[in-house]
Structures are given as C-alpha cells and as structure tokens.
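Results of the structural survey
Read off the chains here:
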Amino acid sequence: EQSTAKNLLVFSHYPSDYFSAMPEFVRNLSRTDRHSSIAYFGGHRHNTDKTSVASTAPNTNWCVGGGGGWSCDGQEQGFVVGEIYADEIKTYEVLVDPKVCCPSSQSY
C-alpha cells in the first residue's frame, strides 16, 4: 500500500485462491486507485494458468507453477512473460506440450 510505483509485480509461493481467509489481501491486489497495474504471480500448483486463481480483476493474476519436474497438475505447462511499460503490465503464457516435461506416469 505504500509504494508510489505505477506498476507492481507481486510474487508469492501461493496462488491467490490460497488466501480465502485473507480477503483484504486479494481485494488489495484488485485495486487501481494507487497503481496503474498490478501483476500477481503465485506458484505451489504445478500448472501455468490464470483460470484456477481467485480473481484480482481488473489486474493480472497467474498461477506459475508449471514446467514439470516434480509433477503436473494440468496440461498448461510453461512460463509467463511479463512486459512492463510506463502505465501497464502485459502478460502472456508460453506453453509447451505437457508430454515434454511431465512424468511419464501421467497422460494427457
């Protein structure tokens, strides 16, 4: 709340839906009165998406735990690119075929 930056990048181990007991935290990620754009990146789950998280609209919010290794929690495996401009942050995913990075015991 104290930053004067126009854009904020917020990183956490946990995706936003893990903070249901802290609704004020998620509400603050949705604010636009102090910052032009807030992009939140949480991991924990092994997937790359912005559909499994609690909404922080109109700001951006991603689960960024995809990429294989330990396990895969879905077909969306990859990473997120963030482009930071003076008044906005643009994000998009770069996904790979889950067969490339997920354990062979899982089939998609």
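Coordinates for the structure precede this section.
Below, the structure is looked at part by part. (Residues numbered from 1 in each chain as written. Predicted model: local features only at pLDDT ≥ 70, side-chain atom pairs only at ≥ 80, totals over all residues. Heavy atoms only, no water.)

1. Looking at the packing of aromatic side chains
Rules: Only rings of Phe, Tyr and Trp enter the pairing, Trp through its six-membered ring, and a pair is recorded when the two centres are within 6.5 Å. The plane angle decides the type: under 30 degrees is stacked, over 60 is edge-to-face, the rest tilted. Numbering of helices and strands runs from the N terminus, with a helix taken as a DSSP run of H or I at least four residues long and a strand as a DSSP run of E at least two residues long. Exposure categories follow from relative accessible area, calculated using a 1.4 Å probe and restricted to protein chains: below 20% of the type maximum is buried, above 50% is exposed, and the middle band is partly exposed.
Applying the stated criterion to the full structure yields four aromatic pairs. When the ring of Phe 11 is compared with that of Phe 41, the centres are 5.1 Å apart and the planes differ by 20 degrees; the resulting orientation is stacked. On the criterion of sequence distance, the pair formed by Phe 11 in strand E1 (residues 7–12) and Phe 41 in strand E2 (residues 37–42) is long-range, its members being 30 residues apart. A relative accessible area of 61% means that Phe 11 is categorised as exposed. Their ring planes at 55 degrees and their centres at 4.7 Å tell us that Phe 19 and Phe 25 sit as a pair that is tilted. For Phe 25, a relative accessible area of 27% gives the class partly exposed. Through successive ring pairs, a cluster of aromatic residues spans Phe 19, Phe 25 and Tyr 40.

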